[in-house]
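Coordinate analysis (summary)
The primary structure of each chain is shown beneath.
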Amino acid sequence: QVQLVESGGGLVQAGESLRLSCTASGGVISINAMGWFRQAPGKQRELVAITGYKNTRYADSVKGRFTISRDSANNAVYLQMNSLKPEDTAVYYCNARLSWTGWTKGGDYWGQGTQVTVSS
């Protein structure tokens, strides 16, 4: 079945950059939107960025620092993270959904997560 695989996480110092990658595999699927959520210890999962056929959204906390891009032909999505802050430390999850409706909540498919740790 459909799987999302993330890569690119790691340990960096504040001010440095990382690029996360996610690719969907396991068959041909129709994906409207792909994006990234994150969850820090003791906190709720939150939307970081998502892009669909017509819309792109960013969390206020990452605007101007993170950029989401997509290669729809290969069912891939990327997150360029610049000027990283310790507050960005979290597990980042790739998400793919079949429609834009309900975009703030995520679904229908999730990756396993990749750890991003930013030291001060």
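This structure is a prediction, so every number in the text was calculated from the model and none was measured.

1. A short note on the nonpolar core
Core analysis: the largest hydrophobic core is formed by 26 residues, its most contacted members being Met-34, Trp-36, Val-48, Phe-66, Leu-79, Met-81 and Tyr-92. The set of elements that each furnish at least two residues to this core consists of strand S3 (18-25), strand S4 (33-39), strand S5 (46-51), strand S7 (66-71), strand S8 (76-81), strand S9 (90-97) and strand S11 (114-119). Excluding residues that lie within four positions of it along the chain, Val-48 makes contacts with Trp-36, Phe-37, Arg-38, Arg-57, Tyr-58, Ala-59, Val-62, Phe-66, Leu-79 and Tyr-92.

2. Digging into the packing of aromatic side chains
Enumeration over the complete set of coordinates arrives at two aromatic pairs. Aromatic side chains Phe-37 and Trp-110 sit 5.1 Å apart centroid to centroid with 65° between the ring planes, which places their arrangement in the edge-to-face category. Note that Phe-37 is positioned in strand S4 and Trp-110 in strand S10 (residues 109-110), a separation of 73 residues in sequence. Here Trp-110 falls in the partly exposed class, since its relative accessible area comes to 30%. Note on Trp-100 and Trp-103: the rings are 5.3 Å apart at their centroids and 20° apart in plane angle, and the pair reads as stacked.

3. As for unusual backbone geometry
Glycine aside, residues mostly have negative phi, and peptide bonds are mostly found in the trans state. Look at the link from Gly-107 to Asp-108: it is a cis peptide, with omega at 10°. One can find Asp-108 in the loop between S9 and S10. A positive phi angle, near 50°, is found at Ser-83, a position not held by glycine. By secondary structure assignment, the location of Ser-83 is in the loop between S8 and S9.

Procedures and definitions
- Throughout this document, residue positions are counted from 1 along each chain, in the order its sequence is written.
- Since the coordinates come from a predicted model, pLDDT governs what is reported: local features require at least 70, and pairs of side-chain atoms require 80 or more to be given and counted, while whole-chain, interface and lining totals use all residues.
- Excluding hydrogens and water, the side-chain figures rest on all heavy atoms present in the structure.
- By nonpolar core is meant a set of buried Ala, Val, Leu, Ile, Met, Phe, Trp, Tyr and Cys residues that side-chain atoms within 4.5 Å join together.
- Summary of the burial criterion: residues with accessible area below 20% of their type's maximum are buried, those above 50% are exposed, and those between are partly exposed, where the area comes from a 1.4 Å probe applied to protein chains only.
- Secondary structure follows DSSP: runs of H or I at least 4 residues long count as helices, runs of E at least 2 residues long count as strands, and numbering of each begins at the N terminus.
- Contact definition: two residues touch when any of their heavy atoms are within 4.5 Å.
- Any two of the Phe, Tyr and Trp rings considered here, Trp counted by its six-membered ring, make a pair once their centres fall within 6.5 Å; the pair's planes then place it as stacked at under 30 degrees, edge-to-face at over 60, or tilted in between.

The analysis is restricted to geometry; functional conclusions fall outside its scope.
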